[in-house]
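# Descriptive structure summary
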Amino acid sequence: MMLKPGTAIPIERITEKIYLIRSMKVMLDRDLASLYEVETRALKQAVRRNIERFPADFMFELTAAELRDWRSQFVTSKGDKMGLRHAPMAFTEQGVAMLSSVLRSRRAIQVNIQIMRAFTGLRRMLSGYEELKAKIEEMEAKYDQSFQVVFEAMKKLFEPEDPPKRRIGFTGEAVPGVAG
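Residues numbered from 1 in each chain as written. Predicted model: local features only at pLDDT ≥ 70, side-chain atom pairs only at ≥ 80, totals over all residues. Heavy atoms only, no water.

Counting its regular elements, the protein chain contains seven helices and four strands. Counted from the first residue to the last, the protein chain has its helices and strands arranged as α-β-β-α-α-β-α-β-α-α-α. In the protein chain, which comprises 180 residues, the share counted as buried stands at 31%. Of all intrachain contacts in the protein chain linking residues separated by at least 6 positions in sequence, the fraction that spans at least 24 positions is 66%. Carbon and sulfur atoms make up 56% of the accessible area of the protein chain, which totals about 13000 Å². (Helix = DSSP H or I, 4+ residues; strand = E, 2+ residues; numbered from the N terminus. Buried < 20%, exposed > 50% of the residue type's maximum accessible area, 1.4 Å probe, protein only. Contact = heavy atoms within 4.5 Å. Areas by Shrake-Rupley, 256 points an atom, 1.4 Å probe, with all protein chains shown as cover.)

This is the structure:
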């Protein structure tokens, strides 16, 4: 997707490309290459030529197990490889920032600004969630049992919701208008 110079990339397009791997928020080389409008091969080559700029907390390659876990999150018709011949490089926020010094183009600078804004927005959103949770726990300790029902209900809001399980098979109930 080619963007006109100076056109901002929608934050949603960037945030959907941020994954949690090794308990870190990262972006994969192929997604970054797409945003920068360069080939993944060229991005990896530029990183390898400047590898001293990318310590392990800036960039790492996914292990076979991590790659399997990442792939399992997606249903795709491309089968096993998903277009990947080599393990992807995963870049943390600092690694993405370092990419702008390696990929010296106007496009890289513009994209990096947008990516930094996306990471900042995610961090702000998550910190707000943690602050709210802490305040609720503080209130719970302060008030007596009469408010316990309210606090239990609020705690459930913070728990991930299990998807509803669909029943498979016949229920044994009669269908109206159909003779048995």
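Another point: the sheet that holds strand β3 (residues 59-61). One open sheet accounts for four strands, arranged β1-β2-β4-β3; its pairing is antiparallel. Strands at the two margins of the open sheet, each flanked by one partner only, are β1 (18-21) and β3. Pairs of neighbouring strands in the sheet enclose a mean axial angle of 45°, with direction left out of account. Pairing analysis gives four bridges linking β1 to strand β2 (residues 24-28), with the strands arranged antiparallel. By the bridge assignment, Ile-18 is partnered in β2 with Met-27. Running at roughly 60° to β2, helix α2 (residues 29-36) makes contact with β1, β2 and β4 (89-91) of the sheet. Relative to the sheet, helix α3 (residues 40-49) contacts β3 and β4, its axis offset from that of β4 by approximately 75°. (Pairing = 2+ DSSP bridges. Axes fitted to C-alpha atoms, helices over the stretch in contact; angles between N-to-C directions.)

The next point concerns the packing of aromatic side chains. This structure, assessed with the given rule, holds one aromatic pair. Ring geometry for Phe-54 and Phe-91: centres 5.9 Å apart, planes at 80°, overall edge-to-face. Of the two residues, Phe-54 is situated in the loop between α3 and β3 and Phe-91 in strand β4; the sequence distance between them amounts to 37 residues. The class of Phe-54 is buried, set by a relative accessible area of 5%. (Phe/Tyr/Trp six-rings, centres within 6.5 Å; stacked < 30°, edge-to-face > 60°.)

What follows covers the pattern of salt bridges. In this structure the tally under the stated criterion is six salt bridges. Residue Asp-31 is joined to Lys-17 by a salt bridge in which the shortest nitrogen-to-oxygen separation is 3.9 Å. Here Asp-31 is found in helix α2, whereas its partner Lys-17 is found in the loop between α1 (11-15) and β1, with 14 residues between them in sequence. Since its relative accessible area comes to 9%, Asp-31 is described here as buried. Under the relative-accessibility criterion, Lys-17 is labelled partly exposed at 26%. Here Arg-41 makes a salt bridge to Glu-39, at a shortest N to O gap of 2.9 Å. (Salt bridge = Lys/Arg side-chain N within 4 Å of Asp/Glu carboxyl O.)

A few words on the environment of Phe-58. The residue Phe-58 is located in the loop between α3 and β3 in this model. In the structure, Phe-58 is positioned 38 residues away from Val-96 in sequence and 7.7 Å away in space, judged by C-alpha atoms. Not counting the four nearest positions on each side in its chain, Phe-58 is found in contact with Arg-53, Ala-90, Phe-91, Thr-92, Gln-94, Gly-95 and Met-98.

For the protein chain, mean pLDDT is 76; residues scoring 70 or higher make up 70% of the total. Here helix α7 (residues 148-158) stands out as the element of the protein chain with the lowest mean pLDDT, 69, in contrast to β4, whose mean of 95 is the highest. (pLDDT = per-residue confidence, 0-100.)

In this structure, Ser-23 takes a positive phi of about 60° despite not being glycine. Take Ser-23: it is sitting in the loop between β1 and β2. Although it is not a glycine, Glu-37 adopts a positive phi angle of roughly 60°. You can see Glu-37 is positioned in the loop between α2 and α3.

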